[in-house]
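# Coordinates in review
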Amino acid sequence: MKYIKHKSGSILFMITSLTIVIVFLLFVYLKSMREDRANDNILLHSYVVIDAAKDLQTTMHDAETRIGGLVNTNDEKYLEFLKKAITPAAKLTVKLKKLTTNNPLQQARVDTLKELVVKEFASGAQQILNATQAKASKDNQLVKSAALLGIAKEIYLVTARFVAYEQALLEARNHK
């Protein structure tokens, strides 16, 4: 009889110990899953920021091309394309501002990009106005385009720094 009680006590102890180990392992597993999910969300955020910055860069490059096309050809179809670029550019700067609220350096870059976007569209509008009013010569048009190219280059450089910073963050987060 003592042997049976002792044996059942040992079995109960083993079952209790096994249950505790299983619960502990389950807890560790769930905690790990939660951390992985949080890290995945951070990585996804970085990819969204990078994509938005690259979209802005592409949008502004397209706008610059349309301005040049309109100035050089006086073809009104370029004006429609240009008008369509203004809203996406504005939305992308707002999106980038929201996505980088926790990063003052990137916020400053977004502010710079926003100013450059406004400057490029204003410069492009002035260039279009000058070209249509004066029926400027090709040489004059090329000189005026140089100012616009300078703004486009600044946008490209700021966006490239923005993306490089986000990619560095992404790389660091990937190694966690």
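Residue indices begin from 1 for each chain and proceed along its sequence in written order. Predicted model: local features are reported for residues with pLDDT of at least 70 only, side-chain atom pairs are reported and counted for 80 or more only, and whole-chain, interface and lining totals are derived from all residues. To obtain the side-chain values, all non-hydrogen atoms of the structure were used and water was disregarded.

## Here we look at a nonpolar patch on the surface
On the surface, Val21, Phe24, Leu25, Phe27 and Val28 cluster together into a nonpolar patch covering about 500 Å² of accessible area. Secondary structure elements follow DSSP: runs of H or I no shorter than four residues count as helices, runs of E no shorter than two count as strands, and numbering proceeds from the N terminus. Within the fold, Phe24 resides in helix α1 (residues 2-73). Patch criteria: residues need more than 30% relative accessible area and no salt bridge. Like-charged residues are merged within 9 Å; nonpolar side chains of Val, Leu, Ile, Met, Phe, Trp and Tyr are merged within 5 Å. The protein chains shown are the only cover counted for residues, whose accessible areas, like all others here, come from Shrake-Rupley with a 1.4 Å probe. Throughout this description, the term salt bridge denotes a Lys or Arg side-chain nitrogen within 4 Å of a carboxyl oxygen of Asp or Glu.

## Focus: the environment of Asp62
Relative to the helices and strands, Asp62 resides in helix α1. You can call Asp62 partly exposed: its relative accessible area is 35%. C-alpha separation for the pair Asp62 and Phe81, spaced 19 residues apart in sequence, amounts to 8.6 Å. Only protein chains enter the calculation, and the probe is 1.4 Å; a residue is then buried if its accessible area is under 20% of its type maximum, exposed if over 50%, and partly exposed in between.

## Considering the environment of Arg173
By the element assignment, Arg173 lies in helix α4 (residues 138-174). Along the primary structure Arg173 and Leu43 are separated by 130 residues, whereas in three dimensions their C-alpha atoms are 6.9 Å apart. Beyond its immediate sequence surroundings of up to four residues, Arg173 is in contact with Asn39, Ile42, Leu43 and Ser46. By definition in these notes, contact holds between two residues if any of their heavy atoms fall within 4.5 Å.

## Quick notes on the side chain of Thr59
Along the chain, Thr59 falls in helix α1. Counting of polar contacts relies on pairs of N or O atoms within 3.5 Å, with two restrictions inside protein: one atom must be capable of donating a hydrogen and the other of accepting it, and residues adjacent in sequence are counted only when both atoms are side-chain atoms. In terms of polar contacts, Thr59 uses its side chain to reach the backbone carbonyl oxygen of Asp55, at 2.8 Å. Leave out the neighbours within four places in its chain, and Thr59 touches Ala85, Pro88, Ala89 and Leu92.

## Description of the environment of Gln107
Mapped onto the elements, Gln107 comes out in helix α3 (residues 104-134). The exposure class of Gln107 is buried, given its relative accessible area of 15%. Taking the C-alpha atoms as reference points, Gln107 and Phe162, 55 residues apart in sequence, are found 9.7 Å from one another. Each residue touching Gln107, except ones within four places of it in the same chain, is listed here: Lys97, Thr100 and Thr101. Here the side chain of Gln107 touches Lys97 through a polar contact of 2.6 Å, landing on its backbone oxygen.

## Describing the pattern of salt bridges
Counting across every chain of the model gives one salt bridge. In this structure, the salt-bridge partner of Asp111 is Lys97, at a minimum N-O distance of 2.6 Å. With a gap of 14 residues between them, Asp111 in helix α3 and Lys97 in helix α2 (residues 77-99) connect regions that are remote in the sequence. Owing to a relative accessible area of 28%, Lys97 belongs among the partly exposed residues under this scheme.

Note that every value here comes from positions in space, so none of it alone points to a role or purpose.
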